[in-house]
Amino acid sequence: MNKTPTILTGLRVNSEITLGNFLGALLPMVRLANAHSQTSHINIFVPDLHSIISEIDGELQQNLFTSLKYFLAAGLKVNNHVHFYRQSYVPAHSELNWILNCTATMGELNRMTQYKDKSEGKDGVNVGIFDYPVLMAADILLYDAEYIPVGEDQFQHLELTRRLATRFNYKYGEIFVLPKEPKDQAKFMNVENGIRIRDLQNPEKKMSKSTHAANSKIMISDDPAAARKKIMSATTDSVGKISFDTFNQPGISNLLQIESLVTDTPLQDVISTWSGETHYGDLKQKVGESVATLLTDFQRKLTAISDQEILDLLTEGEKYANQVANSKLLQVQKALHLR
Ligand code: ATP
Ligand code: MG
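Residues numbered from 1 in each chain as written. Chains lettered and ligands numbered in written order. Predicted model: local features only at pLDDT ≥ 70, side-chain atom pairs only at ≥ 80, totals over all residues. Heavy atoms only, no water.

Asks: Looking at this model, I keep getting lost on the pairing of strand E1 (residues 6-10). Mind explaining?
Replies: Every regular strand shows the same layout, with side chains that alternate between the two sheet faces. Within E1, 4 of the 5 residues are buried, leaving the element largely enclosed by the surrounding structure. The pairing of E1 with strand E2 (residues 41-46) spans 5 bridges and is parallel. Residue pairing across strands places Thr6 opposite His41, the latter belonging to E2. Each parallel crossover has a hand, and the one from E1 via helix H1 (residues 19-36) to E2 is right-handed. (Buried < 20%, exposed > 50% of the residue type's maximum accessible area, 1.4 Å probe, protein only. Helix = DSSP H or I, 4+ residues; strand = E, 2+ residues; numbered from the N terminus. Pairing = 2+ DSSP bridges. Right-handed = clockwise from strand over helix to strand, strands pointing away.)

Listed below in structure tokens is the structure:
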């Protein structure tokens with residue numbers, strides 16, 4: 001088949017993200033999209049039906065607009081290959097979910113570790129938690145998407161998608177395109193060197209938005225001057241000499257890593273600039289400066305993007321998504337003699 005390939009990313013709706021989320025997830029995705037949007041479709045969708053599995057958040061609509069704005073403020077270049085859409089605005093997702101439910105087995109879904117983790121020892125677990133990997137398969141298969149940048153925690157679901165597609169194709173003909181195997185996904189996304197920004201106060205842990213201590217994390221909405229202060233008060237060590245040593249000097253290594261990502265400078269270059277220096281304060285000063293500049297720039301861009309701009313992108317994207325998804329769904333329905 002010789003058509004434009006599709007890269008698909010589902011975007012968890014988060015109104016608040018950390019510098020870790022930004023540098024470790026958002027920015028790599030934006031760079032990947034910018035690098036491929038001439039030659040691939042880039043589908044960026046909000047899995048709003050997935051989000052109602054756990055809690056119904058009254059802020060869902062506002063938050064999803066904010067999340068999409070983050071992509072633009074982080075530098076996503078929009079062209080006619082970049083498509084923003086909401087899952088629930090493309091009813092074919094739910095339709096195919098049902099159809100694939102009749103292919104997937106209870107045993108298969110029972111084996112999903114995400115399901116086991118989330119349901120273990122709980123009463124009244126909803127069917128959505130059990131079934132959401134099948135909805136995810138529909139999200140992917142409707143668009144012939146081959147690359148889906150997901151974390152390792154989703155690899156099992158990707159394997160399930162491949163298995164369901166193979167089973168369906170075997171019975172009804174070559175209807176679905178299989179997404180690439182997880183190892184090829186990882187290669188494509190270059191995640192072998194997946195980075196983890198560390199907690200500023202406890203650098204042996206990763207920075208997480210759910211950590212309570214405000215000094216441990218930098219939020220992307222932090223006042224730039226306050227963020228600089230957090231960097232200045234970051235935990236270091238008593239070695240007294242800068243080197244990139246994640247085991248003995250996790251705090252210092254974290255600062256070097258942040259500097260590299262924020263200034264888009266190869267880590268090796270940052271390391272050679274600072275190695276052997278003894279004044280930790282100078283490094284903190286520099287990293288604090290860089291982070292403050294990044295936040296100022298990001299926040300300025302963010303406020304310049306209107307809701308209307310996002311709505312226009314969604315309207316356009318949902319038109320495209322419905323066309324592609326409905327045409328795939330029709331093939332499936334015909335194969336099943338539903339049409
Ligand atoms: P929580 O504490 O609620 O788990 P989190 O900060 O770990 O929040 P997630 O929503 O779990 O964030 O993850 C969002 C994305 O950010 C994922 O792709 C994840 O791999 C990435 N990510 C999370 N923390 C970091 C970090 N410290 N450094 C780099 N990437 C990160
Ligand atoms: Mg997490």
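Asks: Help me out: how do you make sense of a positive patch on the surface in this one?
Replies: A surface patch of positive charge is lined by Arg12, Lys118, Lys122, Arg196, Lys206 and Lys209. Along the polypeptide, Arg12 turns up in the loop between E1 and H1. (Patch = residues over 30% accessible without salt bridge, like charges linked within 9 Å, V, L, I, M, F, W, Y side chains within 5 Å. Areas by Shrake-Rupley, 256 points an atom, 1.4 Å probe, with all protein chains shown as cover. Salt bridge = Lys/Arg side-chain N within 4 Å of Asp/Glu carboxyl O. Lys, Arg positive; Asp, Glu negative; His and termini not counted. Charge placed at Lys NZ, Arg CZ, Asp CG, Glu CD.)

Asks: Before we go on, may I ask you to explain the pattern of salt bridges in this structure?
Replies: Opposite charge on two side chains allows them to pair when their charged atoms are near. Summed over the entire model, instances satisfying the criterion amount to 17 salt bridges. Where Arg162 meets Glu181, a salt bridge forms, and the shortest distance between an N and an O atom there is 3.9 Å. Of this pair, Arg162 sits in helix H8 (residues 155-172) while Glu181 sits in the loop between H8 and helix H9 (182-189); the two residues are 19 residues apart in sequence, bridging distant segments of the chain. Taking relative accessible area as the criterion, Glu181 reaches 31% and is therefore assigned partly exposed. For Asp184, the salt bridge goes to Lys183, with nearest N and O atoms at 3.8 Å. Assessed through its relative accessible area of 24%, Asp184 is described here as partly exposed. Exposure remark for Lys183: the relative accessible area of 54% places this residue in the exposed category.

Asks: For this particular structure, what's the right way to read the site of ligand 1?
Replies: What surrounds ligand 1 is a group of 14 residues, the closest being Ile197, Lys206, Met207, Lys209 and Ser210. Asn21 places a side-chain nitrogen or oxygen 3.1 Å from an oxygen atom of ligand 1. Burial of ligand 1 by the protein chains amounts to 73% of its free accessible area of 600 Å². (Near = heavy atom within 4 Å. Polar contact = N/O pair within 3.5 Å; in protein donor to acceptor, adjacent residues only side chain to side chain.)

Asks: I keep staring at the packing of helix H4 (residues 92-101) against helix H14 (residues 307-335) and nothing clicks. Help me out?
Replies: Here H4 crosses H14 at 25 degrees, and the two axes come no closer than 10 Å. Classified by the angle between their axes, H4 and H14 sit roughly parallel to one another. Like other packed secondary-structure pairs, H4 and H14 cross with a definite hand, here left-handed. Where H4 abuts H14, its residues Ala92, Glu95, Leu96 and Ile99 lie against Ala325, Asn326, Leu329, Val332 and Gln333. Residue composition of the contact of H4 with H14, grouped by class: 6 nonpolar, 2 polar and 1 charged. (Axes fitted to C-alpha atoms, helices over the stretch in contact; angles between N-to-C directions. Parallel < 35°, antiparallel > 145°, perpendicular 65-115°, else oblique. Left-handed = near helix turned anticlockwise from the far one by under 90°. Contact = heavy atoms within 4.5 Å. Nonpolar A, V, L, I, M, F, W, Y, C, P; charged D, E, K, R; others polar.)

Asks: What is the right way to look at the nonpolar core in this model?
Replies: The tendency in soluble globular proteins is for nonpolar side chains to be buried as a group. In this structure, Phe22, Leu68, Phe71, Leu76, Phe84 and Val291 are the most contacted members of the largest nonpolar core, which totals 55 residues. Residue contributions to this core peak at 9 residues, all from H1. One finds Met112, Tyr115, Leu142 and Leu164 within the second-largest nonpolar core, a separate group that totals 40 residues. (Core = buried A, V, L, I, M, F, W, Y, C linked by side-chain atoms within 4.5 Å.)

Asks: I'm lost on the packing of helix H11 (residues 250-262) against helix H13 (residues 280-304) in this one. Help?
Replies: Two measures define how a pair of helices packs: the angle their axes make with one another and the distance between the axes. For the pair H11 and H13, the least separation of the axes is 10 Å and the interaxial angle reads 35 degrees. In this structure, H11 meets H13 at a crossing whose hand is left-handed. Contact residues: Ile252, Leu255, Leu256, Ile258, Glu259 and Val262 in H11; Tyr280, Leu283, Lys284, Lys286, Val287, Ser290, Val291 and Leu294 in H13. Taken together, the residues that form the contact of H11 with H13 break down as 10 nonpolar, 1 polar and 3 charged.

Asks: Is there a simple way to explain the environment of Leu200 in this structure?
Replies: Structurally, Leu200 is set in the loop between H9 and helix H10 (224-232). For Leu200, a relative accessible area of 2% gives the class buried. Residues Leu200 and Ser221, spaced 21 residues apart in sequence, show a C-alpha to C-alpha distance of 17 Å. Every residue in contact with Leu200, bar those within four places of it in the chain, is listed here: Met207, Asn215, Ser216, Ile218, Lys230, Ala234, Thr235 and Asn254.

Asks: Even after reading the chapter, I still don't get the environment of Ser272, so can you show me in this structure?
Replies: Mapped onto the secondary structure, Ser272 falls in helix H12 (residues 267-274). As for Ser272 and Lys122, which are separated by 150 residues in sequence, their C-alpha atoms are 52 Å apart.

Asks: What am I meant to see in the side chain of Asp222 here?
Replies: Here Asp222 is to be found in the loop between H9 and H10. Polar contacts involving the side chain of Asp222 include one to the side chain of Lys230, which spans 2.6 Å. Apart from residues lying up to four places away in sequence, Asp222 is in contact with Lys217, Ala227, Lys230, Leu295 and Gln299.

Asks: What is the right way to read helix H7 (residues 127-141) from this model?
Replies: Counting along an α-helix, one turn takes 3.6 residues, and residues three or four places apart therefore face a common direction. Taking 1.5 Å as the rise per residue, H7 with 15 residues should run 21 Å; its terminal C-alpha atoms sit 21 Å apart, in good agreement. At Pro133, H7 shows its maximal bend, which comes to roughly 40 degrees. Most of H7 is tucked away, with 13 of its 15 residues classed as buried. Structurally, the start of H7 carries an N-cap: the backbone nitrogen of Gly128 is 2.9 Å from a side-chain oxygen of Asn126. (Expected span 1.5 Å × (residues − 1). Bend = angle between axes of the 7 residues up to and from the residue.)

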